[in-house]
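Here's the letter readout for the chains.
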Amino acid sequence: MNYEILLAFSMATFVLALSPGPDNIFVLIQSISNGKKYGLAVVAGLMTGCLVHTTLLAFGVSAIIKNNPSIFTFIKMFGAAYLLYLAVMVYRGGDAISIAGETKNKNKLGSLYKQGFIMNVLNPKVTIFFLAFFPGFLFSDSLSNVIQFYTLGFLFIVVSSLVFGAIAVLSGQISNFLTANKRTGCVLKWIQVIVFIGIAIYLLIG
């Protein structure tokens with residue numbers, strides 16, 4: 001095993017996780033809107049989705065998706081439609097979003113976990129990214145590619161979870177200062193709607 005390659009992979013993953021993108025922006029908004037516990041639920045959903053993409057990569061399904069434009073387009077369209085559906089649900093949910101510190105619905109944890117998971121799984125660009133990124137960091141001549149891809153996948157999940165988790169915790173702290181402003185809930189509602197629509201557009205045309 002070449003541990004230098006694994007270290008390089010970890011550092012590259014760390015930089016990628018810190019780079020502004022749809023996933024960490026979504027974690028940021030949900031954490032500010034609902035509190036760190038709910039942001040961490042989104043992180044858990046996103047990382048579970050990464051495990052799915054790792055499995056697709058390890059067993060060659062990613063290559064099939066990449067080489068079949070019809071499948072790729074269908075998944076992309078379905079993912080964008082789901083995000084637009086979420087935007088509509090937020091828009092119809094009331095005049096403002098409740099801020100952390102108010103009474104919470106325990107079921108929302110499961111809902112946000114599911115949103116993070118579905119957003120990740122229905123983004124074929126994550127599948128293609130894994131297909132492009134992981135093979136360059138295969139680290140052993142003796143281990144099978146399946147084992148190496150899963151090792152890289154779990155390492156990617158651990159590093160990304162630490163970065164995204166830090167974003168959720170720090171953002172959740174910010175929400176404590178926002179509860180004093182009565183307009184914050186309305187602003188955050190529209191930010192969420194814009195984020196969902198923005199990610200959908202990114203998925204379609206990026």
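For the structure, see preceding data.
Before going into details, it helps to say that this report is about the structure given with it. Everything quoted here is computed from the prediction, not taken from an experiment.

Observations regarding the overall build of the protein
Move 1: The helix and strand tally for the protein stands at 9 helices and 0 strands.
Move 2: Secondary structure elements of the protein occur, N-terminal to C-terminal, as α-α-α-α-α-α-α-α-α.
Move 3: Expressed as a percentage of the 206 residues in the protein, the buried residues total 43%.
Move 4: Put simply, of all contacts in the protein between residues at least 6 apart along the chain, 87% involve residues at least 24 apart.
Move 5: Of the accessible surface of the protein, which amounts to about 10800 Å², a share of 69% is contributed by carbon and sulfur atoms.

Some remarks on the packing of aromatic side chains
Move 1: Under the criterion given, the structure shown has 13 aromatic pairs.
Move 2: Ring centres of F130 and F134 lie 4.5 Å apart, and the angle between their planes is 20°; this geometry places the pair in the stacked category.
Move 3: Given the relative accessible area of 1%, F130 is considered buried.
Move 4: One aromatic cluster is present, built from ring pairs that chain together F9, F129, F130, F133, F134, F137 and F156.

Focus: the environment of I25
Move 1: Tracing the backbone through its elements, the reader meets I25 in helix α2 (residues 22-34).
Move 2: On the basis of relative accessible area, I25 is assigned to the partly exposed category, the value being 37%.
Move 3: In this structure the C-alpha to C-alpha distance between I25 and V195, which are 170 residues apart in sequence, comes to 7.9 Å.

Details of helix α1 (residues 3-18)
Along an α-helix, residues three or four apart share an orientation, since each turn contains 3.6 residues.
Move 1: Over its 16 residues, α1 runs 23 Å from end to end, which matches the ideal 22 Å to within 8%, given 1.5 Å per residue.
Move 2: Of the positions making up α1, those classed as buried are L6, F9, S10, T13 and A17. The buried residues of α1 occupy an angular sector of 100° when the element is viewed end-on, so they sit on one face. In α1, the exposed residues that point more than 90 degrees away from the buried face are E4, L7, M11 and V15.

Criteria and thresholds
Residues numbered from 1 in each chain as written. Predicted model: local features only at pLDDT ≥ 70, side-chain atom pairs only at ≥ 80, totals over all residues. Heavy atoms only, no water. Helix = DSSP H or I, 4+ residues; strand = E, 2+ residues; numbered from the N terminus. Buried < 20%, exposed > 50% of the residue type's maximum accessible area, 1.4 Å probe, protein only. Contact = heavy atoms within 4.5 Å. Areas by Shrake-Rupley, 256 points an atom, 1.4 Å probe, with all protein chains shown as cover. Phe/Tyr/Trp six-rings, centres within 6.5 Å; stacked < 30°, edge-to-face > 60°. Expected span 1.5 Å × (residues − 1). Arc of directions from axis to C-beta.

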